[in-house]
Amino acid sequence: MSTELTDRQQNDLHRAMLDYLHSVGYHKTYEQLKEESSQLDFEPDPNSKTKDLLVKKWTSVIRLQKKIIDLESRLAQALQDSANVATSPAALNQRSNPDWLPAVTPPKLTLTGHRANVNAVAFHPRYSVLVSASDDSTMKVWDWETGDLERTVQGHTRRVSDCEYDSKGKYLVSCSHDLFIKLWDVDNEYKNVSTFRGHDHSISTVRFLPGDDRLVSASRDQSVRIWEVATTHCIKVIRPHEDWIRAALPSPDGRFLVTSCMDHTARVIEVATGATKAEFRGHNNVVENAVFVPRNAVPAVSELLGLKVPAPSASASGAEDLSVAFVVTASRDQKIKIWDARAGQCLHTLVGHDGWAHGLVFHPNGRYLLSAADDGSIRIWELKTGRCIRKVETGERFVSCLSWGRQTTGGGPPGDTKDVQGEAPRRVNVIAAGCWDYTVKIWKP
């Protein structure tokens, strides 16, 4: 060591070691090192430059190691993406490549115009249109291909917390902390055609139930409400929690809802009866989001859990059962958990985020889960292994929401499941994230 350090460096190192040994109570070792290093005059001094120096240096090394590992991983992924683009036949049409994943590069577009945090983003099912909802009391409609702002939708008087298009893209629904849910006619310049009243506190989420004739909303008033679109009447009030309900999202068949709550739990609710079918306890902080695992992702989740992959059922009830087999939750405890939707048992925990987890989106091919959190990242999890295979940096610390495009390509006329070449329609590859820097960020091939 004497050949690598100068006398002054050796002296500082010895004093830093002595300071550390004294601070942790290793007094015998401390006295022995004083003698062997010829530092008999050393006395711990809280104002000395060597005070806690060893601890500070050590933590700095750990942080640098983590940064190096992260940078090496991102570089390797970027090189792999470049190679795939150059060699893969599917790269010729990445727009509809069923296995496309966003690269670890900055977003293709950053949409600016809001004057406050963006809380929700929703894609139009037929056009290259995206709507964003913000704390500035407005929604903005964008062309996600070009990044152009098409219009600003105004009508709410407080934070707009959620929005969604119906399955045909004819109507947009939104909810706000002004206690109102509003329906907007897309083809009539987004005119407000209906207002739903009934909640007593801030409304967290609103979604169309399958069929588009009913809505489901969740609120800080501790209720979930079902609304009839045609009449704007509230036809059912469900009170599954005794705290702020952060979200209530329907199952693909519309028979069940999964709720997430400030009480650290999530629940599966039967729409027809309002009964709680399962309760998920295991998070140690607020559950921000909860979603049903889509049917095409059930085989990958089953492989992860070591379960027998369910065989496709010819009966309608068998298909429905697959669509409500598992639930995924995201929490402020920075964890994402996979649950048995019937038994309420936690089956697996995905650990990796360093901030509150919010957004959850399944890849259209059913093999990946994408999550967004307040650590500034979107993480891509391989479902069959539970590994985070990619970390996409957004450039903004707080990421509040995440969405995958709904527009499809391929397929035949409406009602057909395949085109003339026998190919099923595929979702267009585009991802949007809403951030607290007032922007919407877009990733696409």
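Small disclaimer: the values here were computed from a predicted structure and weren't measured.

A. Main features of unusual backbone geometry. Residue Glu189 is not a glycine yet carries a positive backbone phi of 55°. Looking at the secondary structure, you find Glu189 in the loop between β8 (180-185) and β9 (191-197). On the basis of relative accessible area, Glu189 is assigned to the exposed category, the value being 61%. With phi around 65°, Asp212 is a residue other than glycine that occupies positive phi space. Structurally, the position occupied by Asp212 is in the loop between β10 (203-208) and β11 (214-219).

B. Spatial organisation of helix α2 (residues 27-36). Turning to α2, its buried residues are Tyr30, Leu33 and Lys34. Viewed along the axis of α2, the buried residues span an arc of 105°, placing them on a single side of the element. When the buried face of α2 is taken as reference, the exposed residues oriented beyond 90 degrees from it are Lys28, Glu35 and Glu36. Contacts from the buried residues of α2 go to α1 (7-23).

C. Just the state of the cysteines, in detail. One pass over the full model with this rule turns up zero disulfides. The structure places no disulfide on Cys435, whose sulfur is separated from the nearest cysteine sulfur, that of Cys401, by 7.5 Å. Relative accessible area serves as the criterion here: at 0%, Cys435 is assigned to the buried category.

D. Spotlight on the pattern of salt bridges. Applying the stated criterion across every chain, the model contains 16 salt bridges. For Arg267, the salt bridge goes to Glu279, with nearest N and O atoms at 2.5 Å. Here Glu279 lies in strand β17 (residues 276-281) and Arg267 lies in strand β16 (residues 265-270), a separation of 12 residues in the sequence. Here Lys277 makes a salt bridge to Glu270, at a shortest N to O gap of 3.7 Å. Among the charged side chains, a network of salt bridges with common partners joins Arg246, Glu288 and Arg332.

Cut-offs and rules
Residues numbered from 1 in each chain as written. Predicted model: local features only at pLDDT ≥ 70, side-chain atom pairs only at ≥ 80, totals over all residues. Heavy atoms only, no water. Helix = DSSP H or I, 4+ residues; strand = E, 2+ residues; numbered from the N terminus. Buried < 20%, exposed > 50% of the residue type's maximum accessible area, 1.4 Å probe, protein only. Arc of directions from axis to C-beta. Contact = heavy atoms within 4.5 Å. Disulfide = S-S within 2.5 Å. Salt bridge = Lys/Arg side-chain N within 4 Å of Asp/Glu carboxyl O.

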